[in-house]
Amino acid sequence: MRYSAWQILKNGLTGQKGWKPVWRSPAPRPEYDVIIIGGGGHGLATAYYLAKNHGITNVAVLEKGYLGGGNVGRNTTIVRANYHIDGNTEFYSHALKLWEGMEQDFNYNAMMSQRGVINLAHSDGQMDFYARRGNAIRMQGDDAELLGREEVRAAYPYLDHDNARFPIYGGLLQRRGGTARHDAVAWGYARGADLRGVDLIQNCEVTGFQIDNGRVKGVETTRGTIRAGKIGMAVAGRSSQVGQMAGLRLPIESHVLQAFVTEGLKPILPGVVTFGMGHFYISQSDKGGLVFGGDLDFYNSYAARGNLPMLEHVCEAGMALMPMIGKARMLRSWGGIMDMSMDGSPIIDKTPVDGLFFNGGWCYGGFKATPASGWCFAHLIATGTPSPHATKLLMNRFETGHVLDEEGTGAQPNRH
Amino acid sequence: MRLTCPHCGERDAREFTYLGSAKLLDRPAGDTGAEAFHEYLHIRENPAGPNAELWQHVMGCSAWLHVVRDTRTHVVESVSLASGVAR
């Protein structure tokens with residue numbers, strides 16, 4: 001069924017009886033042309049673009065839990081394309097363009113809201129840096145505006161503009177950035193892939209690879225052996241474990257990143273705001289809850305939960321930026337397992353095993369990358385060559401020295 | 001999370017900073033070649049389970065510590081001085 005205003009009206013008048021399950025639940029077949037491991041945002045987007053852009057529909061997505069149950073459900077839903085080094089700028093630029101047309105493309109409401117993302121500056125030096133970053137973003141063809149004190153004050157009256165330690169000098173605004181409904185992104189791609197014939201197989205954990213003479217032949221799963229000549233891994237957070245089964249040695253550590261949401265409040269924040277003097281970012285969901293997060297907990301973790309010192313640190317930064325949030329009650333917190341790469345940038349590339357392709361190392365940037373990650377990974381799997389939007393996200397860049405280190409912190413995953 | 005420093009006793013994790021995998025203790029000799037340094041600097045086992053790692057007691061005695069900690073549960077299994085770890 002195609003979703004439309006007419007369908008909503010019709011079902012509204014007929015007791016909502018016309019809605020059907022959005023995707024099938026097929027049993028795995030013994031063989032496919034392509035297997036995607038991981039039914040999160042990136043895996044589902046990859047399957048969708050394999051079918052839509054490349055006509056490859058004999059595809060299975062294998063998910064060990066339920067669709068969208070990993071990091072696509074554990075983020076702060078922010079979409080932006082404000083990177084500043086080659087390799088990342090063109091990739092995230094392509095992602096933002098896909099975000100803008102996604103809902104019409106897959107006919108599903110992902111609640112994409114281009115409410116703007118502003119990075120605040122608190123010193124002259126930081127204003128200079130944002131001018132430079134804004135120029136890099138505009139050179140790429142995306143939008144960036146440097147705002148002065150009064151413009152920021154008018155748009156965001158509730159911030160502590162005259163804070164003694166961190167006064168707000170201005171900010172870099174990207175109006176096309178914003179937020180999207182994270183689960184709906186996964187569901188939209190899942191439905192789009194299913195409609196094109198892709199089998200979405202849940203509760204199916206990969207337990208091993210079949211590799212013959214350096215060539216991948218299939219996977220062992222909790223639901224039996226499934227063969228395929230091409231296999232793509234999109235399991236960020238667990239890349240090291242799945243990769244290890246295929247003998248991959250990866251430049252990745254897994255870390256926990258926490259995020260938090262308050263009770264619903266009246267509208268106070270029109271867009272996404274990032275604090276420039278501490279790692280803190282905040283937006284207001286459509287339900288009214290303030291959604292915010294900060295830094296990693298700094299140590300390796302697969303626990304999908306963090307510790308209290310980082311909660312305290314994040315709240316301190318929030319209070320410095322926006323003292324009024326001290327009155328809000330926090331409802332929930334959650335932790336996602338981040339694939340932290342050694343330069344803070346992702347990897348979409350072939351592996352030393354023929355027919356096995358790797359997508360991971362997304363660090364903090366996985367959600368905003370979802371559409372372009374799927375688009376470029378599908379291109380790589382279908383054609384064997386990197387997409388023109390992702391020519392530098394290569395596995396061997398650490399050996400060759402062509403690292404993409406936005407933060408300039410070196411091979412220290414917990415500092416990116 | 002709390003770590004038991006061999007010098008200072010059991011202390012809150014906030015007194016410590018984290019560097020990373022304890023494999024950083026095994027720095028290759030200068031003439032070993034680029035491949036060995038790539039392996040040392042970039043490649044990580046990243047286990048889901050006991051992980052050997054380096055912490056420093058910066059808000060205490062400043063000692064570098066070799067800690068074995070389970071990455072699934074955050075349970076600390078052992079803490080010893082990094083200087084005493086056999087290489």
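Residues numbered from 1 in each chain as written. Chains lettered and ligands numbered in written order. Predicted model: local features only at pLDDT ≥ 70, side-chain atom pairs only at ≥ 80, totals over all residues. Heavy atoms only, no water.

Draft legend 1. Region of the structure containing the interface of chain B and chain A. Contacts between chain B and chain A engage 22 residues on the former and 28 residues on the latter. Carbon and sulfur atoms make up 47% of the surface buried where chain B meets chain A, a total of about 2200 Å² over both sides. Looking only at chain B, the three residues that lose the most surface to chain A are Tyr18(B), His42(B) and Asn46(B), adding up to 28% of its buried area. Where chain B meets chain A, there are 4 salt bridges. The shortest N-O distance in the salt bridge between Arg249(A) and Glu45(B) comes to 3.1 Å. The tally of links between chain B and chain A comes to 15 residue pairs in polar contact (both at pLDDT 80 or more). Of all the elements in the fold, those that place two or more residues in the side of chain B that touches chain A are strand S3 (17–21), helix H1 (34–42) and strand S4 (50–56) of chain B. (Contact = heavy atoms within 4.5 Å. Buried area = accessible area lost by both parts, 1.4 Å probe. Salt bridge = Lys/Arg side-chain N within 4 Å of Asp/Glu carboxyl O. Polar contact = N/O pair within 3.5 Å; in protein donor to acceptor, adjacent residues only side chain to side chain. Helix = DSSP H or I, 4+ residues; strand = E, 2+ residues; numbered from the N terminus.)

Draft legend 2. Here's a closer look at the packing of aromatic side chains. Residues and elements named next belong to chain A. By the definition in use, this model includes 20 aromatic pairs over all chains. On the numbers, 6.5 Å between centres and 75° between planes, the contact of Phe106 with Tyr108 is edge-to-face. Look at Phe106 and you get buried, because its relative accessible area is 4%. The structure contains a cluster of three or more aromatic residues connected by ring pairs, namely Tyr3, Trp19, Tyr48, Tyr49, Phe106, Tyr108, Tyr189 and Trp375. For Arg149, the ring lying beneath its charged end belongs to Tyr169, and the centroid distance is 4.5 Å. If you follow Arg415 out to its NZ or CZ, it ends over the ring of Phe298, 5.0 Å from the centre. (Phe/Tyr/Trp six-rings, centres within 6.5 Å; stacked < 30°, edge-to-face > 60°. Buried < 20%, exposed > 50% of the residue type's maximum accessible area, 1.4 Å probe, protein only. Lys NZ or Arg CZ within 6 Å of the ring centre and 35° of its normal.)

Draft legend 3. Layout of the side chain of Asn163(A). Residues and elements named next belong to chain A. Here Asn163 shows up in the loop between helix H5 (149–155) and strand S6 (170–174). A polar contact is formed between the side chain of Asn163 and the backbone nitrogen of Arg165, at a distance of 2.9 Å. Among the polar contacts listed, one links the side chain of Asn163 to the backbone nitrogen of Phe166, at a separation of 3.0 Å.

Draft legend 4. Quick look at the pattern of salt bridges. For the coordinates displayed, the defined rule picks out 25 salt bridges over all chains. Arg24(A) is the salt-bridge partner of Asp199(A), the closest N and O atoms lying 3.2 Å from each other. With Asp199(A) in strand S8 (residues 199–201) and Arg24(A) in the loop between helix H1 (5–13) and strand S1 (31–37), the pair connects residues that are 175 residues apart, well separated along the chain. Taking relative accessible area as the criterion, Arg24(A) reaches 36% and is therefore assigned partly exposed. When the shortest N-O distance is used, the salt bridge between Glu39(B) and Arg249(A) registers 2.5 Å. Of this pair, Glu39(B) sits in helix H1 while Arg249(A) sits in the loop between helix H7 (239–245) and strand S12 (252–264), each in a different chain. Residue Glu39(B) is classed as partly exposed on the basis of its relative accessible area, which comes to 28%. Of the residues examined, Arg249(A) reaches a relative accessible area of 43% and is grouped as partly exposed. When salt bridges that share partners are traced, they join Arg24(A), Arg29(A), Asp194(A) and Asp199(A) into one network.

Draft legend 5. Looking closely at the sheet that holds strand S5 (residues 145–148) of chain A. Residue and element names in this part refer to chain A. Read from one edge to the other, the open sheet built from 8 strands follows the order S5-S6-S4-S13-S14-S15-S12-S16, with strand pairing classed as mixed. Sheet topology places S5 and strand S16 (330–341) at the edges, where each strand pairs with a single neighbour. Between one strand axis and the next, the sheet turns through 25° on average, direction left out of account. (Pairing = 2+ DSSP bridges. Axes fitted to C-alpha atoms, helices over the stretch in contact; angles between N-to-C directions.)

Draft legend 6. Quick look at the packing of helix H3 (residues 89–106) of chain A against helix H9 (residues 366–383) of chain A. Residues and elements named next belong to chain A. Running from amino to carboxyl end, H3 crosses H9 at an angle of 95°, the nearest separation of the two axes being 8 Å. Considering their axes alone, H3 and H9 lie roughly perpendicular with respect to each other. Across from Phe91, Tyr92, His94, Ala95, Leu98, Trp99 and Met102 in H3, the residues of H9 making contact are Phe367, Lys368, Ala369, Thr370, Pro371, Ala372, Ser373, Trp375 and Cys376. (Parallel < 35°, antiparallel > 145°, perpendicular 65-115°, else oblique.)

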